[in-house]
Amino acid sequence: MSQEQVSISTLIQKNAQQNTQYNWVGVLEFLHEQHKQVQYKDCEWALEKSQMQQKINELEGVVKGQERVITDLGKRCKMLEVALRQERLKYQQNGQVPDYLNQLLKENIENQSQIQNYQTIPKRKAKPYRPLLQKIIQEVGLQSIFSPPSSPKIEHSNRPSVMLTPNQNVTSIVQNSGRQSPTNMNSTSGFPTHSRSKSQNINEEQPQMVSKDPVQLQNTLRHHLDGVRDAYFFNNMTILATVSEDCQLKLWDYQNYQQQQNQIEPYLTLRDHTGPLFAIAGIEQRLKGIQNAIFSAGAEGAIKMWYFPLPDECDQLGQTEEFQQCKMTWQAHQDAIWQLKVNSQQNLLLSSAADSLIKLWPVQDSQTEPKQLYQFGQKNQYGHFVDSPTAIAWLQHNPNLFASGFMNSSILSIFDTENGRNVQNIKYLQENNSQAQINQLTQFQQSCLISSHDDGKLRIFDLQQSKLISQIICGNEPITSAITNLNSTIIYIATGNVIKVWDTRRQQFIQELQGHQSKYDESIHNLVHHGSYNLFASLGADGQIKLFSSR
């Protein structure tokens, strides 16, 4: 037998052996083993899924328990704050000091008397700390210990109340209070009053003499826990809405704002936001088909719409959970929203954000999310929005137009809301300079606009002539805000930690007001003026709101 025949025979035997290994019984056993392995893996996966679901349920239960504990603690903190304020007011009115404070003072005096070798502070070093010490003593309620007893106040129950007209202020009321007695009102400031119960009385005291300064500090609101960014005055009621970086929206009834000794407290706090708040806008019931509403926005990029109660409809010491839920929320931007502006004539809302977009929304009284009408901004050659807007403002002479400034541009842009186009550009510097960006835009007279800049200059634009007509140099510090009084004769300028008063008739500064304490190189965040009265508020980084009245 040849070698080739032997090799062929061996191959045939091997193939026969392999063919004998694969039969129907073996195939069925193999498939049965594979099916068992698949079922085993499915059981392992189902077991692991049930374990993970159990862990998720446990974590959700822990989260819900923590939320309930936080809610309970918030209620308890609110009750303690109210009790503490009532206790302070009771002892301040009676001129007494609690026993535990007297005991604490005695112990401190005894401990200090036992110390023989202690260093005294020289008078020249202690003098700058006296105002701070007096402020701390006044907030704690111990000023009656360190100051001589004051003479009793004389109450005048027959003092007439005077209505405040849009062009009238506190000075004219004090001067004319002894010569005329118009119809009595419930409010000493002339603002529209809310309906109150018969058991609630309004304290009326003798008005103080007004100094020669055109602007007077009337009251300070101190209940925010972080910097206050924006506020809104309602014209048809004595309500001020404020938003802060503490994620809270507060409503204040400033009906008795002229009484400095009475601390104004917020009658409602809204806590549905999860991030710092930067912008607020309001819409009033006088508009067609719209209730009194508030729009708030901040770092979340979402806009929330609230319907709020009046002060007499909300019990400050009772439960307020029914007012905590907002009526509408929609994700308007992908980044922080810096400003909100409402057009009361067209029922439109503008929102400007750090995502380089300005969006236009319809204001509607419904639960459905509004649809975006247009979006505006500075575009590059490829049609992309590239520059962040820093300030927006509606124009009075044409309600279809609004103006905007941008971060890296030296141009004031005018946009038309009817067609969504940029219709006008006014250049105020030859070269683009980020250090001269616009921080705020304010309407001045009928067709003029005031812009506040980082370079310490205040610029006035004539929109009809499309040019810059004047500028005011206020120093080297940035101007964060500027507003005018009702007659556009006075401009209030916030720069650094002071408020400068500029008289447009004399073309000079006539007064300088102390602002707020600094925090992270910021002091005054914004100035907001009332739409019908000579009253404005300054919003500070120290969490305070100061109310000023002007002549």
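Since the model is a prediction, treat every value here as computed from it, not as a measurement.

Draft legend 1. Spatial organisation of the pattern of salt bridges. Taken as a whole, this structure holds eight salt bridges when the rule is applied. Taking the shortest distance from any N to any O, the salt bridge between R505 and D503 comes out at 3.4 Å. Taking the relative accessible area as the measure of exposure, R505 reaches 62% and is therefore exposed. Here R506 makes a salt bridge to D503, at a shortest N to O gap of 3.2 Å. The exposure class assigned to D503 is buried, which follows from its relative accessible area of 3%. Ionic contacts of the salt-bridge type, sharing partners, join the residues R229, E245 and E522 into one network.

Draft legend 2. Here's a closer look at the nonpolar core. Of all hydrophobic cores here, the largest spans 19 residues; its most connected members are F295, I303, W330, I337, L340 and L349. Elements with a contribution of two residues or more to this core: strand 6 (277-283), strand 7 (293-298), strand 8 (302-307), strand 9 (328-331), strand 10 (337-343) and strand 11 (348-353). When near neighbours in sequence (up to four residues on either side) are disregarded, I303 contacts F295, S296, A297, M328, T329, W330, A332, I337, L340, L349, S351 and W361.

Draft legend 3. Broad picture of a nonpolar patch on the surface. Together, V27, L28, F30 and L31 line one region of the surface with nonpolar side chains, adding up to about 390 Å² of accessible area. Mapped onto the secondary structure, L31 falls in helix 2 (residues 24-94).

Draft legend 4. Summary view of the sheet that holds strand 25 (residues 490-495). Judged by pairing direction, the sheet is antiparallel, and its four strands sit side by side in the order 24-25-26-27 without closing on themselves. Single-partner strands in this sheet number two, and they are strand 24 (479-484) and strand 27 (508-514). Across the sheet, the axes of successive neighbouring strands diverge by a mean angle of 20 degrees, strand direction being ignored. Sheet topology note: the strand 25/strand 26 (residues 498-503) ladder contains six bridges and is antiparallel. Looking at the pairing, Y492 lines up with V501 of strand 26.

Draft legend 5. Spatial organisation of the pairing of strand 7. Here strand 7 lies mainly inside the structure; six of its six residues are buried. Pairing of strand 6 with strand 7 involves six bridges; the strand directions are antiparallel. Looking across to strand 7, one finds that I280 is bridged to S296. Pairing geometry for strand 7 and strand 8, over five bridges, is antiparallel. Paired with I294 across the bridge in strand 8 is W306. Hairpin connection from strand 7 to strand 8: three residues lie between these consecutive antiparallel strands, with G301 at a positive phi of about 80 degrees.

Draft legend 6. Representation of the packing of aromatic side chains in the model. Counted under the stated rule, the structure contains 15 aromatic pairs. Ring geometry for Y374 versus F376: centroids 6.3 Å apart, planes at 50 degrees, classification tilted. For F376, a relative accessible area of 2% corresponds to the buried category. When the centroid spacing of 5.1 Å and the interplanar angle of 15 degrees are considered together, the rings of F536 and F548 count as stacked. Here F536, found in strand 29 (residues 535-540), pairs with F548, found in strand 30 (residues 545-550); they are 12 residues apart in sequence, far enough to count as distant. With a relative accessible area of 0%, F536 lands in the buried category.

Draft legend 7. Just the sheet that holds strand 16 (residues 389-394), in detail. Sheet architecture is open: four strands sit in the order 16-17-18-19, paired in antiparallel fashion. The two strands at the open ends of the sheet, each matched to only one other strand, are strand 16 and strand 19 (421-427). Neighbour-to-neighbour, the strand axes of this sheet turn through a mean angle of 25 degrees, independent of strand direction.

Draft legend 8. Structural detail: the side chain of S409. Relative to the assigned elements, S409 resides in the loop between strand 17 (401-406) and strand 18 (411-416). From its side chain, S409 meets the backbone nitrogen of I411 in a polar contact 3.4 Å long. Those residues in contact with S409 that lie beyond four places of it in its chain are D387, Y428 and N432.

Procedures and definitions
- Going along each chain's sequence as written, the residues are numbered from 1 onward.
- Two thresholds apply to this predicted model, a pLDDT of at least 70 for residue-level local features and 80 or more for giving and counting side-chain atom pairs, whereas whole-chain, interface and lining totals are computed over all residues.
- Hydrogens and waters are ignored; side-chain quantities use all the structure's heavy atoms.
- What makes a salt bridge here is a side-chain nitrogen of Lys or Arg within 4 Å of a carboxyl oxygen of Asp or Glu, nothing more.
- Categorising residues by exposure relies on relative accessible area from a 1.4 Å probe, with only protein chains included: less than 20% of the type maximum marks a residue as buried, more than 50% marks it as exposed, and the intermediate range marks it as partly exposed.
- Buried residues of nine kinds, namely Ala, Val, Leu, Ile, Met, Phe, Trp, Tyr and Cys, make up a nonpolar core once their side-chain atoms join them within 4.5 Å.
- Think of it this way: any DSSP run of H or I at least four residues long counts as a helix, any run of E at least two long counts as a strand, and we number them from the N terminus.
- We call two residues in contact when some of their heavy atoms are within 4.5 Å.
- Exposure above 30% relative accessible area and no salt bridge define the residues that can form patches, which grow by joining like charges within 9 Å and nonpolar side chains of Val, Leu, Ile, Met, Phe, Trp and Tyr within 5 Å.
- Under the convention used here, a 1.4 Å probe and the Shrake-Rupley method define accessible areas, while residue burial counts only the protein chains that appear.
- Paired strands are those between which DSSP finds at least two bridges.
- Axis definition: a line fitted to C-alpha atoms, over the contacting stretch in the case of helices. Angles run 0 to 180 degrees between N-to-C directions.
- Note on aromatic contacts: the rings of Phe and Tyr and the six-membered ring of Trp form a pair at centre separations within 6.5 Å, being stacked when their planes are under 30 degrees apart, edge-to-face when over 60 apart, and tilted otherwise.
- Nitrogen and oxygen atoms within 3.5 Å of one another constitute a polar contact, given that in protein one can donate a hydrogen and the other can accept it, and given that sequence-neighbouring residues count only through two side-chain atoms.

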